[in-house]
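So you can see what is in the structure, the chains are spelled out below.
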Amino acid sequence: MLNYFLSKVKLRFFKKIFFLLRQAGFVLPPRFVVWDCTRRCNLNCEHCGAKKEKYATELNTQQVKTLIENLADYGTKYFVVTGGEPLMRKDLFEIFAFAKTKGLKTGLATNGFFIDAKNSKIIAKIFDSVQISLDGPQEIHNKIRGNKKAFQKAAGSINLLKKSNCRQITVSSVVTSSNIKGLTDLGKIVESLGVDIWKISSVMPIGNAGKNKNLYLSQKDFLKLLGFVKNNKERLKIELGENLGFLGEYDKKVRREVFFCPVGFLTCCVGVNGNVRGCPEQPDNHYFREGNILKKDFRKIWQEGFRKYRDKKSLQDKSCQECKFQNNCRGGCWVMRLDNINCPIRHYHLQ
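So, a few notes on the structure that sits alongside this text. (Residues numbered from 1 in each chain as written. Predicted model: local features only at pLDDT ≥ 70, side-chain atom pairs only at ≥ 80, totals over all residues. Heavy atoms only, no water.)

1. Describing the packing of aromatic side chains
Our working rule: Under the pairing criterion, centres of Phe, Tyr and Trp rings, with the six-membered ring standing for Trp, must be within 6.5 Å; the plane angle then separates stacked pairs below 30 degrees from edge-to-face pairs above 60, leaving the rest tilted. Only DSSP runs of H or I with at least four residues qualify as helices, and only runs of E with at least two residues qualify as strands; both kinds are numbered from the N terminus onward. Only protein chains enter the accessibility calculation, which uses a 1.4 Å probe. A residue is then buried if its area is under 20% of the maximum for its type, exposed if over 50%, and partly exposed in between. Criterion for a charge above a ring: Arg CZ or Lys NZ at most 6 Å from the ring centre, at most 35 degrees from the ring normal.
Under the definition given, this model contains 19 aromatic pairs. Residues Phe246 and Phe325 carry aromatic rings whose centres are separated by 5.1 Å and whose planes lie at 55° to one another, so their mutual orientation is tilted. Taken together, the positions of Phe246 in the loop between strand S7 (238–240) and helix H10 (251–254) and Phe325 in the loop between helix H13 (318–321) and helix H14 (326–329) put the pair 79 residues apart, joining distant regions of the chain. Given a relative accessible area of 5%, Phe246 falls into the buried group. Residue classification places Phe325 among the buried residues on the basis of a relative accessible area of 10%. Their ring planes at 55° and their centres at 5.1 Å tell us that Trp302 and Phe306 sit as a pair that is tilted. Judged by relative accessible area, which is 0%, Phe306 ranks as buried. Members of the aromatic cluster, connected to one another through ring pairs, are Phe14, Phe18, Phe19, Phe260 and Phe265. One Lys or Arg, Lys65, reaches over the ring of Phe98 and ends 5.4 Å from the middle of that ring. Taking NZ or CZ as reference, Arg337 lies 3.7 Å from the ring centre of Trp334, over its face.

2. Examining the pairing of strand S3 (residues 105–110)
Note the cut-off: Two strands are said to pair when DSSP picks up at least two bridges between them. For crossovers, right-handed means that the path from the first strand over the helix to the second runs clockwise, given strands pointing away from the viewer.
Of all six residues that make up S3, five are buried, and the element is covered over most of its length. When strand S2 (residues 78–82) meets S3, the two strands line up parallel, connected through four bridges. Its bridge partner being in S3, Tyr78 is matched across the sheet by Lys105. For the crossover that starts at S2, traverses helix H3 (residues 92–101) and ends in the parallel S3, the hand is right-handed. Where S3 lies against strand S4 (residues 129–133), four bridges are found, and the strand directions are parallel. When the sheet's bridge partners are listed, Leu108 is paired in S4 with Val130. For the crossover that starts at S3, traverses helix H4 (residues 119–126) and ends in the parallel S4, the hand is right-handed.

3. Some remarks on unusual backbone geometry
Of note in the backbone geometry, Phe306 takes a positive phi value of approximately 60° without being a glycine. Take Phe306: it is sitting in the loop between helix H11 (298–304) and helix H12 (307–310). Although it is not a glycine, Asn340 sits at a positive phi angle of roughly 60°. With a relative accessible area of 47%, Asn340 lands in the partly exposed category.

4. Some details on the nonpolar core
Here is the rule we go by: Residues enter a nonpolar core if they are buried and are Ala, Val, Leu, Ile, Met, Phe, Trp, Tyr or Cys, with the set joined through side-chain atoms within 4.5 Å. The criterion used for residue contact is that any of the two residues' heavy atoms lie within 4.5 Å.
Of all hydrophobic cores here, the largest spans 99 residues; its most connected members are Trp35, Phe79, Phe96, Phe127, Trp198 and Phe298. Residues in contact with Phe96, not counting those within four places in the same chain, are Trp35, Phe79, Val80, Val81, Thr106, Gly107, Ile126 and Phe127. With seven residues, the next largest nonpolar core counts Leu43, Ala50, Ile140 and Ile144 among its residues.

5. Digging into the pattern of salt bridges
What counts, and what does not: Criterion for a salt bridge: a side-chain nitrogen of Lys or Arg within 4 Å of a carboxyl oxygen of Asp or Glu.
For the structure shown, the criterion picks out 20 salt bridges. The salt bridge partner of Asp251 is Arg255, with a shortest N-O separation of 2.6 Å. Take Asp251 and Arg255: they sit in the same class, and that class is buried. Several salt bridges converge on common partners, so that one network encompasses Asp36, Arg39, Lys52, Glu53 and Arg277.

6. Some points on the packing of helix H5 (residues 138–145) against helix H6 (residues 150–163)
Helix-helix packing: each pair is described by the crossing angle between the helix axes and the interaxial distance. For clarity, the cut-off: Orientation is described by lines fitted to C-alpha atoms, with helices fitted over the stretch in contact, and by angles between N-to-C directions that extend from 0 to 180 degrees. Angles below 35 degrees are treated as roughly parallel, those above 145 as roughly antiparallel, those between 65 and 115 as roughly perpendicular, and all remaining angles as oblique.
Where H5 meets H6, the axes come as close as 8 Å, and the angle between the chain directions of the two elements is 110°. Between H5 and H6, the crossing angle belongs to the class labelled roughly perpendicular. On the side of H5, the interface is formed by Gln138, His141, Asn142 and Arg145, while H6 contributes Ala150, Phe151 and Ala154.

7. Observations regarding the sheet that holds strand S1 (residues 32–36)
Spatial ordering of the open sheet is given by S7-S6-S5-S4-S3-S2-S1-S8-S9-S10, a layout of 10 strands whose pairing is mixed. Sheet topology places S7 and strand S10 (291–292) at the edges, where each strand pairs with a single neighbour. The sheet contact formed by S1 and strand S8 (residues 267–270) spans four bridges and is parallel. Bridging from a neighbouring strand, Val33 pairs with Cys268 of S8. Each of S1, S2 and S3 is contacted by H3, which is oriented at about 155° to S3, the strand it contacts most. Helix-sheet contacts for helix H7 (residues 183–193) involve strand S5 (169–175) and strand S6 (197–202), and the interaxial angle to S6 is about 155°.

And the structure:
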């Protein structure tokens, strides 16, 4: 509870400073920039959000290095990569070794399939944190991934990274109607793997999941998830994803830090072809697109764009405007808004 309270005070102070500086015409640089590097992947997960777009071209090695130089000069602290499957890019290690020389902290989100005894040492050296996706015990995980080796590869990659002294290892799990039954067993597996963080998120209405609403959690299953997190968050080092939104009175019971969507304040995403948007899960369309780094300087995109996130009048939903939690929530996850499931309090009748 103390950590939650302190994070609330810290967040309130940050917002105050951010808006005061913005009124004076200055926008703080993003602390985190996510590079959505490719749509290529060796797996086809039933809930995959990356399937929402296809690209004819990807940013090349030099274009990404130029971005890294600009971010380092601007004062960004973290440069992390996701996909698709990032390890399908042959230049990934070269790019992130370069990022380290520029003083950036680095992170990798991967399914773990291509991590082996040799490259695990390289990964541990050039990445400050690695996130491995694991969505259930072996049978469930493999079914979701559509590959009989997926669980073995994911768990094996974690063990290899630990042997290589990886600084921080996170397991990321997306909870859906098809895997919540294995949540307790997955918790035992995560505990046995000895990872640093277990990040749990809800399924999002994009990509494959956007075509299958049966993957959404029922009220009963959502309450089951919250109960599991409440009882195990400290022991299993659980962190809830931002897409779950503010949870009312449950929030301080299941989160170690107060809910906050950092898009437009602390983070943004540079996409496959250089389009900049709030986060990797957001569709790359006109509504979410803020500019392209090949056509406009990243710093200008960050400073002049993202107004809908920073505008205090961004809560267009009348029910949000009348909600007593609006300052805690600010409308929740922008991707979850696409199917009007951004408010867990309303959607799951938490009160």
